[in-house]
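What the coordinates show
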Amino acid sequence: EAETEGLKARMKQASKQASKQGQDTRDLEALLGLKYEELESARPIERRYWVADSTPENLADLLKENPNGLLVVYDELSGWLADMDKQGREGSRAFALAAWERTGDFYVDRILRGSNYIPAVCLSVIGGIQPDRLKRYVDEALSGGNGGDGLLQRFQVLIYIDNLGQWKAPDT
């Protein structure tokens, strides 16, 4: 990374110097663009297995580099579900639904970030949720409202019961 930053600084300095001397800098700027692309492609890829609290755009970047998928870990799933209900975050649900199916590729297009192609999008989500918070989402999913898109139905629910009472062997 230090070498990359040093090369970028030297290329910018050379461009400024050529500009001050009245030289045509188009060739130098083109070379600078090629060097940036070369540096970006040579950047080592960090293999990731899990993430916590990430936007869909950042997940897209991470999934592009980790085609086997990622585990998304949330301490409170209610926060994740609530984030998807916020105005302007409607695409988060669609992304989560597409990621669950792992049926193929996915494009994420943003004005500032440009286009991002993910050849295989796959996410697994794990976390906890309080029963009263889960009830709201279950009711919404069953009523045919906004939650009826199948997102909640894709979850496997594991319930831990504090006190099951005295265990008895079954009659055979």
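Per chain, residues are indexed from 1 in the order of the written sequence. For this predicted model, a pLDDT threshold of at least 70 governs which residues receive local features, and a threshold of 80 or more governs which side-chain atom pairs are given and counted, while totals over whole chains, interfaces and linings are taken from all residues. Side-chain metrics rest on all non-hydrogen atoms present in the structure, leaving aside hydrogens and water.

Things to note about helix α6 (residues 131-142)
Just so we agree on the cut-off: For helices the rule is a DSSP run of H or I covering at least 4 residues; for strands it is a run of E covering at least 2, with both sets numbered from the N terminus onward. Here, expected helix span is obtained from the residue count minus one, scaled by 1.5 Å.
Helix length check: α6, at 12 residues, gives a terminal C-alpha distance of 16 Å against a target of 16 Å (1.5 Å per residue), a fit within 8%. Of the residues trailing α6, Gly144 is marked for its positive phi of about 85°.

Some details on the sheet that holds strand β1 (residues 50-51)
We count it as follows: A pair of strands counts as paired when DSSP detects no fewer than two bridges linking them. Only heavy atoms matter for contacts: two residues are in contact if any of them lie within 4.5 Å across the pair. All axes are obtained by fitting lines to C-alpha atoms, using only the stretch in contact for helices, and the reported angles, taken between N-to-C directions, cover 0 to 180 degrees.
Spatial strand order, β1-β2-β5: three strands in an open sheet with parallel pairing. Because the sheet does not close on itself, it has two edges, and the strands there are β1 and β5 (123-128). In this structure, strand β2 (residues 70-76) lies alongside β5, joined through six bridges in parallel fashion. Each residue of the ladder has a partner; that of Val72, found in β5, is Val125. With respect to the sheet, helix α3 (residues 56-65) is in contact with β1, β2 and β5, its orientation differing from that of β2 by roughly 145°.

A closer look at the pairing of strand β4 (residues 114-118)
Judged from the five bridges that link them, strand β3 (residues 106-110) and β4 form a sheet pairing that is antiparallel. Among the inter-strand pairings, Phe106 is bridged to a residue of β4, identified as Ile118.

Some details on the nonpolar core
Rules: Only buried Ala, Val, Leu, Ile, Met, Phe, Trp, Tyr and Cys residues count toward a nonpolar core, and they belong to the same one when joined by side-chain atoms within 4.5 Å. Burial classification: accessible surface area is computed with a 1.4 Å probe over protein chains only, and a residue below 20% of its type maximum counts as buried, one above 50% as exposed, and the rest as partly exposed.
Leu59, Leu63, Leu70, Trp80, Phe95, Ile118 and Leu123 are the most contacted members of the largest nonpolar core, which totals 24 residues. If you list the elements that add at least two residues to this core, you get α3, β2, α4 (77-85), α5 (90-101) and α6.

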